[in-house]
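Working through the structure, step by step
Here is what each chain is made of, one letter per residue.
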2 protein chains.
Amino acid sequence: MGNGKNTITTDDLPQTSRRRFLGTGTMLGLAGAGVSLLSGCKEDGTKAALAESAPGAKTAGGFHEVAPGQLDDYYLFASGGHSGEARIIGIPSGRTLRRIPVFNIDPMVGWGITNESKAILGTNPDGSLKYVTGDTHHVHGSYKDGTYDGRWLFVNDKINARLARIRMDTMECDKITQLPNVMGFHGIFPDKRDPVDPKINYTTRVFCGGEFHVPLPNDGHDLDDPSKWGVLFSCVDAATMDVRWQVRIDGNCDLVATSYDGTLVASNQYNTENAADQAGMMAAERDACVFFNVARIEQLVKDGKFTTIGHSKVPVVDGRKAANGDPKTAVTCYVPVGKNPHGVNASPDGKYFVCSGKLSPTATVIELALVTKWFNGDLKTERDAVVAEPEIGLGPLHTAFDGKGNAYTTLFLDSQIVKWNVDKAIAQYKGDKSVKPVLDRVDVHYQPGHGYISMGETKEADGKYFNSGNKFSKDRFLPVGPLHPETEQLIDITGDKMRIVSDHTAYPEPHDAIIMRRDIVKTRQIYNMDDFPNAVKPENAGIERKGNKVHVRMMSQAPTYSLPLIKVKKGDEVTITLTNHDKVEDLTHGCAIPHYNINFIVNPQETKSVTFKADKPGAYWIYCTHFCHALHLEMRSRFLVEA
Amino acid sequence: MGNGKNTITTDDLPQTSRRRFLGTGTMLGLAGAGVSLLSGCKEDGTKAALAESAPGAKTAGGFHEVAPGQLDDYYLFASGGHSGEARIIGIPSGRTLRRIPVFNIDPMVGWGITNESKAILGTNPDGSLKYVTGDTHHVHGSYKDGTYDGRWLFVNDKINARLARIRMDTMECDKITQLPNVMGFHGIFPDKRDPVDPKINYTTRVFCGGEFHVPLPNDGHDLDDPSKWGVLFSCVDAATMDVRWQVRIDGNCDLVATSYDGTLVASNQYNTENAADQAGMMAAERDACVFFNVARIEQLVKDGKFTTIGHSKVPVVDGRKAANGDPKTAVTCYVPVGKNPHGVNASPDGKYFVCSGKLSPTATVIELALVTKWFNGDLKTERDAVVAEPEIGLGPLHTAFDGKGNAYTTLFLDSQIVKWNVDKAIAQYKGDKSVKPVLDRVDVHYQPGHGYISMGETKEADGKYFNSGNKFSKDRFLPVGPLHPETEQLIDITGDKMRIVSDHTAYPEPHDAIIMRRDIVKTRQIYNMDDFPNAVKPENAGIERKGNKVHVRMMSQAPTYSLPLIKVKKGDEVTITLTNHDKVEDLTHGCAIPHYNINFIVNPQETKSVTFKADKPGAYWIYCTHFCHALHLEMRSRFLVEA
């Protein structure tokens, strides 16, 4: 074991209590016809699990409670999966502090409705939104000196190959970039420093792992010959959000992780077979964790050694195996790992990357220094960069770190979190058979995907909380029909034994998250009016007509709009710009126009605008939707459209 | 006081602790220029509030905690305000169990994307959605025998005057009705039994209070003469969701409440002045609570004594004051209450309706039997139906009942919940000056709107929890930028003193809610495949072409789609119908098509479809978005569009 074999017997497994037999049976099913057993269907473990977890939680009660008026210790920033949004959650309370609309339409804030948000989202020639859907998977924060700097969050859209940025002072999306010639874009990670310039000790790039093979360009050619299709790995400039460069690779990227020294980026890969069907994707015994040599790629781009694809002007460097046979000039290093691995994570000490086995019950530990050695031509094979491969349980997906030398891996099939020690795993791999790397296990409910530790993806990993993002909740919450919530299970990892503290629900799918100390986050509590070039002030407020274009410049101050009456003609193109002049924190106003599909809010000192055609004659009441004042209900303005 | 005067001195106020002076100062501001002080701006009370509430919460700790693996005792069904959705929350945990998309687009489930949901939402001739926004205010459940029957929830859209129904077995919206000639439709309430047929002891009607005056019909005429505009109160058939009838009224309806005996419906009203500006809306000393005599209205409709408006065929009965001078034939009874009241609620004993004063520091108790007496011609004036008007504090908005004779009213300006006894208030109103109706007060954080008690709007009101829906959270949670969450504050009301148990966050705006015992809710946990006439089964699965229309009938079963390869031609109109053949609870699959704006889920045994034009040649990977299986990432199908 530990070297990639993929059938399992009970003898191979570490001691895993009641789930041992079940899990093994499930796994063996894969070899036969019963592939569907790999899904989250172990109904029979439920009652035992309840009995096991309840006492632990009671012990924990009180300590992790956030009493009324108390604040949480951490922010959890989560992707919202195929809801297209991002989310801010307080830890340990589990309270959702805010939804951040990104790729979705959010009628509450007016995201996808206001002119400003439409410009960020992208529109068709007729002004309609290009997309109204998204699939966010991974949220990561910008770094400085190896830890979060509280400046930006980045989040991907897998469906339409977009990367979005959220500015953390206002917690709003301010840029969206579509990656050219990429489909099924999944893992992302910001860099932590520059590989060349030591002065740049902060995030300036975001790396994006392309997943699905498609024709390059995807214009209708080569449809019947997927062997000619390709996958691109992309680098986006964090400040401009332009795509800097792309690398054509073999295989499908899953997750992405960056080294603390800025030199290398890792992406675990399945389908290195470059197949177009499921059997083909699982044919090879090994897949890979590919490492990108950032300095070398950027030197090639600088030297003009790249191509472009279709209409895109982004430089594309060839990172396929065949073109990178010589380590000393290679831009990529494909380290073989177990087939179809899932997840790659960098340890906070900067030394290791851990890939999880998924179909193999192992985690693979790769040492950064050895990959660098390979790039220097001083390591015999890529596989020699592997320094450990402990057996940890069934269906390992993602690994988090506590900053004390321990790794915590989610086991999808076992429905467990397993805690194991990296140094012990290395010692075992070196041949010390007396070492037992696995330190503890805890059942979670059920089928965990990502797991994240407080500050765990920084050099300040503090080992306080592990949050398990469980894909199935089954019977853990009151029934609400065929669509179940998912479970974010919070685990106290301060002691030797992990203890489940609470089950929080999540609207599918809170795919991945990061947990940030609260002192890092510095938000504005009201906007600066002058940040909005179109702000409406007393001197420019009013109604201006130019031909059939009418610009209504309005101010709000509780409980009134500055214009009680607005008159336009049928057929006019109307722009309403609204500035909220209230300065009191939390004093938000809304602006809805019945039958005109207009609904948005303006926070204190904020300005937003909408443009629409006044095509329906009649009287319409613009009204405030965001409860602002005792006379909120009376806060309205007449909007008259003359026939 | 107590009879509608509207300037307040400190002497008028009951004992209200530290907020007394503050609140009074705020209120007095209204008389001068400082109307904006009525908004939630009392920053200085914060620290004192924390100090006061924390100990109570600690005492409560443990009892109200929902440990991992334990279930909540109640469902809270909340409107989602201008997010356009409804929400299911567990009580006491505060966990959001599910969002129910109603008037919004929800990329996760595919609401507003699938053919089935578009048919419910309504489309323009070009197939695009008519509206992508909504403003839900009130959620109410269907009744049987004076309590919830767990069949339906109803929720309004104020922006576009729509009423939606949610079936509680699957917790999905199944019908949306647009009310003709109505704008700013706000309060709703289902009836509790039929006023004529005693066998019908369950909900068959939903009453809808129209708010804004508009020309009738609203086609561009009378724009400059708001005095000619009108407001309609509507009755929707609960089973068919057709509009049965409407009543033209004076004033703007706020909330709606129905009597337990089915005879009368109440709606509190502001702007009985029928004014079109804020000053006009506040001119009169008194507004009203209007009562509708359901049997008489329906007799008029049966007798053909109605008109219709514009293109609508819905019968409209005249319920204005001028047309209803004779109580014995009147369909409406306008009971005068303090100006601009807010909220009307029916007591669980069936006897009383309580209107909150908003601008007056009182609640007005109206006795149902006396209103009935008025309709019989046996009561001198409408005002004689008032049996109490206790002074309870500043900015009373909504009242809930514990089933033990006590009322709990939210005080927006005082940021308090006040508990008062209805019988004591009646005794005081009769002249007993020794009686003190107010029993307790608790500070909430901050500016409460609606408040709701467990089962409080049924005859099974159990007096366990009061939930305060607070409009401002200010400093109660970690800062997340200028947009704050709102606070749902849970209060234990089982003892003599109210105790705050927890602060739950809510994404704006959780306007109103009901709290239902969990035994009442019976959901399906998987669908019945045969309920879907378009279900795809092995016998009809595959690809069918008719001219340029291609119907792709596909099945999902973890971890595969039944069709690994789908080929169409550019310009084809493609319909994809997907049936999930997995039967395991919680085993949901997703279906996304990159760049084609397609994203939806199918729960176990469910069928959904999408139709779109294949206008972009190339290779696209249909993939599963809802984590289903260890090989979820590999669950894909090639969708090829030939140029």
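The structure presented is a predicted model; accordingly, all values stated were derived computationally and were not measured.

Reading the values: the criteria
- Residues numbered from 1 in each chain as written.
- Chains lettered and ligands numbered in written order.
- Predicted model: local features only at pLDDT ≥ 70, side-chain atom pairs only at ≥ 80, totals over all residues.
- Heavy atoms only, no water.
- Least-squares fit on C-alpha atoms with pLDDT ≥ 70 in both.
- Contact = heavy atoms within 4.5 Å.
- Buried area = accessible area lost by both parts, 1.4 Å probe.
- Salt bridge = Lys/Arg side-chain N within 4 Å of Asp/Glu carboxyl O.
- Polar contact = N/O pair within 3.5 Å; in protein donor to acceptor, adjacent residues only side chain to side chain.
- Nonpolar A, V, L, I, M, F, W, Y, C, P; charged D, E, K, R; others polar.
- Buried < 20%, exposed > 50% of the residue type's maximum accessible area, 1.4 Å probe, protein only.
- Helix = DSSP H or I, 4+ residues; strand = E, 2+ residues; numbered from the N terminus.
- Arc of directions from axis to C-beta.
- Disulfide = S-S within 2.5 Å.
- pLDDT = per-residue confidence, 0-100.
- Pairing = 2+ DSSP bridges.
- Lys, Arg positive; Asp, Glu negative; His and termini not counted.
- Phe/Tyr/Trp six-rings, centres within 6.5 Å; stacked < 30°, edge-to-face > 60°.
- Lys NZ or Arg CZ within 6 Å of the ring centre and 35° of its normal.
- Axes fitted to C-alpha atoms, helices over the stretch in contact; angles between N-to-C directions.

**Some remarks on the relation of the copies chain B and chain A**
Rotating chain B by 180° and translating it 0.0 Å along the rotation axis places it on chain A, where the RMSD comes to 0.0 Å. Here the symmetry operator amounts to a two-fold rotation axis.

**Looking at the interface of chain B and chain A**
Across the boundary between the two partners, chain B contributes 155 residues, which contact 154 residues of chain A. Of the roughly 12,900 Å² buried at the junction of chain B and chain A (both faces included), carbon and sulfur atoms supply 62%. In terms of surface lost to chain A, no three residues of chain B exceed L478, P482 and F627 of chain B, which account for 6% of the buried area on that side. Taken together, chain B and chain A are joined by six salt bridges. A salt bridge links E85 of chain A to R99 of chain B; the shortest N-O distance between them is 2.5 Å. Across the contact surface, chain B and chain A share 71 residue pairs in polar contact (both at pLDDT 80 or more). Among the residues forming the side of chain B that touches chain A, the class breakdown is 78 nonpolar, 42 polar and 35 charged.

**As for helix α7 (residues 422-430) of chain B**
Residue and element names in this part refer to chain B. By the burial criterion, the buried members of α7 are V422, A425 and I426. The buried residues of α7 occupy an angular sector of 100° when the element is viewed end-on, so they sit on one face. Summarising the contacts, the buried residues of α7 are in contact with β18 (352-356), β19 (363-367), β20 (386-388), β21 (396-401), β22 (406-411) and β23 (416-421). In this structure N421 caps α7, since a side-chain oxygen of it lies 3.0 Å from the backbone nitrogen of D423. At the exit of α7 stands G431, carrying a positive phi of roughly 130°.

**Quick notes on the state of the cysteines**
All names here are of chain A. Enumeration according to the criterion identifies zero disulfides over all chains in this entry. There is no disulfide at C355, and the cysteine sulfur nearest it, in C289, is 3.6 Å away. Taking the relative accessible area as the measure of exposure, C355 reaches 1% and is therefore buried.

**Section: the confidence of the model for chain A**
Residues and elements named next belong to chain A. Averaged over all residues, the pLDDT of chain A is 91; the fraction at 70 or higher stands at 90%. Note on residues 1-62: pLDDT is under 50 here. Beyond four places in sequence and across chains, it has 118 contacts. Here the prediction assigns the complex a pTM of 0.92, and the interface score ipTM is 0.92.

**Points about the environment of T307 of chain A**
Residue and element names in this part refer to chain A. Tracing the backbone shows T307 in the loop between α5 (294-302) and β15 (316-318). Judged by relative accessible area, T307 falls into the partly exposed class, the value being 48%. Taking the C-alpha atoms as reference points, T307 and L411, 104 residues apart in sequence, are found 41 Å from one another. If we skip the residues at most four places from it in the chain, T307 touches V314, P315 and V316.

**Concerning the pattern of salt bridges**
Tallied over the full model, the rule gives 66 salt bridges over all chains. Residues R320 of chain B and D318 of chain B are paired through a salt bridge, measuring 3.2 Å at the closest nitrogen-oxygen approach. The partly exposed category is assigned to R320 of chain B, whose relative accessible area is 27%. If you follow the salt bridges from partner to partner, you end up with D191, D194, R205, D237, R244 and E298 of chain A in one network.

**A short note on the pairing of strand β31 (residues 549-557) of chain A**
Residues and elements named next belong to chain A. As paired strands, strand β30 (residues 542-546) and β31 are joined by five bridges and run antiparallel to one another. Looking at β31, one finds that K546 is bridged to K549. Taking the residues between adjacent antiparallel strands as the criterion, β30 and β31 are bridged by two residues, where G547 takes a positive phi near 60°. As judged from the eight bridges shared by β31 and strand β34 (residues 573-580), these two strands associate in the parallel manner. Bridge pairing in β34 places S556 opposite N580. Sheet topology places β31 next to strand β32 (residues 560-561); two bridges connect them, and they run antiparallel. For S556, the partnering residue across the bridge sits in β32 and is Y561. The loop that links β31 with its antiparallel partner β32 comprises two residues.

**Comments concerning the side chain of R165 of chain B**
All names here are of chain B. Within the secondary structure, R165 sits in strand β6 (residues 162-167). Reaching out from R165, the side chain makes a polar contact with the backbone oxygen of A239 at a distance of 2.9 Å. Sequence-distant contacts of R165, that is, excluding residues within four places in its chain, are made with W152, L153, F154, E172, C173, D174, K175, A238, A239 and M241.

**Quick notes on α5 of chain A**
Of the positions making up α5 of chain A, those classed as buried are V294, I297, E298 and V301 of chain A. Mapping the buried residues of α5 of chain A onto a view down its axis gives an arc of 95°, with all of them on the same face.

**Regarding the side chain of D512 of chain B**
Residues and elements named next belong to chain B. Structurally, D512 is set in the loop between β28 (499-506) and β29 (513-517). For the buried D512, no salt bridge exists, and the shortest N-O distance to an oppositely charged side chain is 8.5 Å, to K471. At 3.2 Å, the side chain of D512 forms a polar contact with the side chain of H450. With near-sequence residues (within four places) excluded, D512 lies in contact with F77, A78, S79, H137, H138, H140, H450 and Y452.

**What about the packing of aromatic side chains?**
Under the defined criterion, the tally for this structure stands at 40 aromatic pairs over all chains. Judged by centre distance (5.3 Å) and plane angle (85°), the rings of F291 of chain B and F353 of chain B are edge-to-face. Here F291 of chain B is found in strand β14 (residues 286-293), whereas its partner F353 of chain B is found in strand β18, with 62 residues between them in sequence. Assigned by exposure class, F291 of chain B and F353 of chain B land together as buried. Three or more aromatic residues joined by ring pairs form one cluster here, namely F207, F233, W245 and F292 of chain A. Cation over ring: R636 of chain A sits above W621 of chain A, and NZ or CZ is 4.6 Å from the ring centre. The side chain of K616 of chain B reaches across the aromatic face of Y596 of chain B, ending 4.3 Å from its centre.

**Brief notes about the sheet that holds strand β25 (residues 448-453) of chain B**
Residue and element names in this part refer to chain B. Read across the sheet, four strands follow the order β25-β26-β27-β28 without closing on themselves; strand pairing throughout is antiparallel. Whereas interior strands pair on both sides, the edge strands pair on one side only; in this sheet they are β25 and β28. Averaged over all adjacent pairs, the angle separating strand axes in this sheet is 20°, with direction ignored. Pairing of β25 with strand β26 (residues 465-470), which is carried by four bridges, proceeds in the antiparallel orientation. The residue of β26 that forms the bridge with I453 is F466.

**Structural notes on the environment of C628 of chain A**
All names here are of chain A. Within the fold, C628 resides in the loop between β38 (618-623) and β39 (636-642). For C628, a relative accessible area of 0% puts it in the buried group. It is 28 Å that separates the C-alpha atoms of C628 and A614, two residues lying 14 residues apart in sequence.

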